[in-house]
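Examining the three-dimensional arrangement
What follows is each chain in one-letter form.
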Amino acid sequence: MEEEDDEEEEGGADVIQFHPTFTYPIYGEHERIFGYKGLRINLSYAAGSLATYFEVKYQKRVDQMETSLPIQLRADDVDTPMRKVLSSAALCATKAEFAKRVARDTHEFRPLGRKVHEYTRESEESGEGTVYEIYESDFVSGEFREYHRRMQTLVLFYIEGAQFIDDSDDRWRVFTVFERLVIGGIASYTLVGFCTMYQFFNWPDRKRPRISQFLVLPPFQGQGHGSELYRYIYQAVLRNPDYADLTVEDPSEAFDDMRDRNDMRHLIQQDAFSGLDIPVSPAVLQEMQERFKISKRQITRCVEMGLLKSLDKARQKDKYQQYRLF
């Protein structure tokens, strides 16, 4: 993976280029850097291991230019703010060192954690299936803690308001998705996305899992990987008797849309809306929340959509006006 770079290849490996959505956690709320001409910030990642190479290029810097001004202008520091959010253990000192890491990791890197699920997507071009694997990990593993420190920088670029989580807390669970390709008879892995989930206490003796960060990397967006990951996590919550229901922390509109579609699909398959009519009592909503392990706010949204779906708007105008629950 590579951000902000136009170079074609790195040590013979394919390069996928994409740009960050946000940079204000690193370079300030105005997302501006003063004092450079032709500034380019390149942040390169090995696709699986996330070994990192950080490079700053520019044509001129303001403090290197001749000026008639009585004051000395100073260029903003580009290097230090970025290095503060990167894993120092993953950083390569030179481009040559990074190229070697990429070549080695292409054949040697294996995902960390416990493999819990896999699925296949067919390529529109070749018609062949590509396998994707989901892994579950926690911070008990020091090796995974280091890998997560490499991943966590990505949330700053793509999740608004994101912050690093406390990797000393063993109540976190992290789910990672990898693309698996077989190259020369050897499996090669590319990170597709990940989700962090925190297990809160739910009185008297259960847990309430909450999705905190949910990210599919830009090259893989719009291909259904977010839905696959969400469906796996939801089904895992349904199967676990220790979990009360699944909640989400401050979801974006895009996540809400994806979640609504998947929850509605599941509820319709389970015939959950059969026999429901206005008004829906709090007791019925409570029973559905407990049975499907969907939070109160979300089950209310889904029931509202389920009722709307069954209404004949032309013939049931009175009910159409009354259907909204909240």
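Residues numbered from 1 in each chain as written. Predicted model: local features only at pLDDT ≥ 70, side-chain atom pairs only at ≥ 80, totals over all residues. Heavy atoms only, no water.

**Concerning the confidence of the model for the protein chain**
Across the protein chain, pLDDT averages 91, with 89% of residues at or above 70. When mean pLDDT is compared element by element in the protein chain, helix α6 (residues 225-239) scores highest at 98, while strand β1 (residues 2-3) scores lowest at 45. The low-confidence segment residues 1-11, where pLDDT is below 50, has 51 contacts with residues more than four positions distant or belonging to other chains. (pLDDT = per-residue confidence, 0-100. Helix = DSSP H or I, 4+ residues; strand = E, 2+ residues; numbered from the N terminus. Contact = heavy atoms within 4.5 Å.)

**Remarks on the environment of Phe214**
Along the chain, the position of Phe214 falls in strand β13 (residues 206-216). Residue class for Phe214 comes out buried when judged on its relative accessible area of 16%. Between the C-alpha atom of Phe214 and that of Ile159, which follows or precedes it by 55 residues, the distance is 8.3 Å. With residues up to four places along the chain from it excluded, the contact list for Phe214 reads Ile159, Phe194, Cys195, Gly226, Leu229, Tyr230, Phe255 and Met258. (Buried < 20%, exposed > 50% of the residue type's maximum accessible area, 1.4 Å probe, protein only.)

**Examining the packing of α6 against helix α7 (residues 253-269)**
Viewed as axis vectors pointing N to C, α6 and α7 meet at an angle of 55°, and their least axial separation amounts to 10 Å. Compared by their axis directions, α6 and α7 come out oblique. Considering how the two elements wind past one another, α6 and α7 form a crossing that is right-handed. Contacts between α6 and α7 involve Gly226, Ser227, Tyr230, Arg231, Tyr234, Gln235 and Leu238 on the former and, on the latter, Phe255, Met258, Arg259, Asn262, Asp263, Arg265 and His266. Residue composition of the contact of α6 with α7, grouped by class: five nonpolar, five polar and four charged. (Axes fitted to C-alpha atoms, helices over the stretch in contact; angles between N-to-C directions. Parallel < 35°, antiparallel > 145°, perpendicular 65-115°, else oblique. Left-handed = near helix turned anticlockwise from the far one by under 90°. Nonpolar A, V, L, I, M, F, W, Y, C, P; charged D, E, K, R; others polar.)

**With respect to the packing of aromatic side chains**
Counted according to the given criterion, the structure contains 19 aromatic pairs. Each ring, one from Phe22 and one from Tyr24, has its centre 5.8 Å from the other, and the planes form 70°; the classification is edge-to-face. Ring geometry for Trp172 versus Tyr198: centroids 4.9 Å apart, planes at 65°, classification edge-to-face. Of this pair, Trp172 sits in strand β11 (residues 172-183) while Tyr198 sits in strand β12 (residues 186-202), placing them 26 residues apart in sequence. When sorted by exposure, Trp172 lands in the same class as Tyr198, which is buried. Here a set of aromatic residues connected by ring pairs shows up, and it is made of Phe109, Tyr135, Phe139, Phe144, Tyr147, Phe178 and Tyr189. (Phe/Tyr/Trp six-rings, centres within 6.5 Å; stacked < 30°, edge-to-face > 60°.)

**Here we look at the side chain of Thr196**
Residue placement: Thr196 occurs in strand β12. Not counting the four nearest positions on each side in its chain, Thr196 is found in contact with His148, Ile165, Trp172, Arg173, Val174, Arg210, Ile211, Ser212 and Gln213.

**Quick notes on α6**
When the terminal C-alpha atoms of α6 are compared, their 21 Å separation across 15 residues agrees well with the 21 Å that a helix rising 1.5 Å per residue should span. Restricting attention to buried positions, one finds in α6 the residues His225, Gly226, Ser227, Glu228, Leu229, Tyr230, Tyr232, Ile233, Tyr234 and Val237. (Expected span 1.5 Å × (residues − 1).)

**Some thoughts on the pairing of strand β7 (residues 52-57)**
Where strand β6 (residues 40-45) lies against β7, six bridges are found, and the strand directions are antiparallel. Considered in β7, the bridge of Ser44 is made with Tyr53. Two successive antiparallel strands, β6 and β7, enclose a turn made up of six residues, where Leu50 displays a positive phi of approximately 65°. (Pairing = 2+ DSSP bridges.)

**Some words on helix α9 (residues 296-310)**
Helix length check: α9, at 15 residues, gives a terminal C-alpha distance of 21 Å against a target of 21 Å (1.5 Å per residue), a fit within 8%. Taken together, the buried positions of α9 are Gln298, Ile299, Thr300, Arg301, Cys302, Val303, Glu304, Gly306 and Leu307. Contacts made by the buried residues of α9 are with α7 and α8 (282-292).

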